[in-house]
Each structure stands twice: as structure tokens, then as C-alpha cells.
Amino acid sequence: MNREVTLPLIVDDRGTLQVAAADVSKLLRTVGGRWLHLVEAGEGGLDEDTVAALTIELAKLADRIDVACIAHSSGGAP
């Protein structure tokens, strides 16, 4: 199953970016890493396979954000 996700970045009334895409991708990776740490520590009753799958998906989304930003900054299409 392949679903496209559109993430509008947070901009003000003038279109000025308020949250850097790098911060968003870093946050996604950090959340996944913390979930993995909780699983490794045996806390929270988290299912290891589910956490692994979700962490992978968060990393993929972070990668897509990074690639789109690189494409945008280099003048290419995402």
C-alpha cells in the first residue's frame, strides 16, 4: 500500500516559513529513535515490530522531506 502524504509547512500570512523543513525531518527521526530506545529498555509495553515499522516509516517521510527540499533549493522538481 502506497499512500502519498502532503505536509504543508507552517508559514505566516506573508508566506514566510516558520518551521524549517530540516527541523521537521529531525523531529521525525528523533521520535522514531526515542520509540526504539523505549522498546530496548523494555518500557511502555510497546510492540517491537510495530515500533520498528513506524520508525522506518517516519525515517522514510523525513527522507522525502529532505529530498524535496534539496530538489527545491537546486531548482529541480521534487
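Here the structure is shown first, and the text comes after it.
Within each chain, residues carry numbers counting from 1 in the order of the written sequence. Residue-level local features of this predicted model are given only where pLDDT is at least 70; pairs of side-chain atoms are given and counted only at 80 or more, and the full residue set underlies all totals for whole chains, interfaces and linings. By convention in this description, side-chain values take in all heavy atoms of the structure and omit both hydrogens and water.

1. Notes on the environment of Thr 30
For Thr 30, the position within the fold is in helix H1 (residues 21-40). Here Thr 30 falls in the partly exposed class, since its relative accessible area comes to 29%. Between the C-alpha atoms of Thr 30 and Thr 55, which are 25 residues apart in sequence, the distance is 9.4 Å. Side-chain atoms alone can form a polar contact between residues adjacent in sequence; in general such a contact is a pair of N or O atoms within 3.5 Å, and within protein one must be able to donate a hydrogen while the other accepts it. A polar side-chain atom of Thr 30 sits 2.8 Å from the main-chain carbonyl oxygen of Lys 26. Only DSSP runs of H or I with at least four residues qualify as helices, and only runs of E with at least two residues qualify as strands; both kinds are numbered from the N terminus onward. For every residue, the accessible area obtained with a 1.4 Å probe (protein chains only) is divided by the maximum for its type, and the residue is called buried under 20%, exposed over 50%, and partly exposed between those limits.

2. Describing the environment of Ile 65
Within the secondary structure, Ile 65 sits in helix H2 (residues 48-73). Residue Ile 65 is classed as buried on the basis of its relative accessible area, which comes to 11%. It is 6.8 Å that separates the C-alpha atoms of Ile 65 and Ala 21, two residues lying 44 residues apart in sequence.

3. Details of the nonpolar core
By size, the foremost hydrophobic cluster in this structure holds six residues: Ala 21, Leu 28, Leu 58, Leu 61, Ala 62 and Ile 65. Looking at this core, the elements that each hand over two or more residues are H1 and H2. Per-element accounting of this core gives the leading share, four residues, to H2. Any two residues whose heavy atoms approach within 4.5 Å are treated as being in contact. Discounting chain neighbours no more than four positions away, the residues touching Leu 58 are Leu 28, Val 31, Gly 32 and Trp 35. Nonpolar cores were defined as sets of buried Ala, Val, Leu, Ile, Met, Phe, Trp, Tyr and Cys residues, with membership established by side-chain atoms within 4.5 Å.

4. Section: H2
A helix is expected to reach a length of 1.5 Å times the quantity of its residues less one. With 26 residues, H2 should cover 38 Å at 1.5 Å per step; its first-to-last C-alpha distance of 37 Å lies within 8% of that length. Three or more residues of H2 are buried, namely Val 51, Thr 55, Leu 58, Leu 61, Ala 62, Ile 65 and Ala 71. Buried-residue contacts for H2 involve H1.

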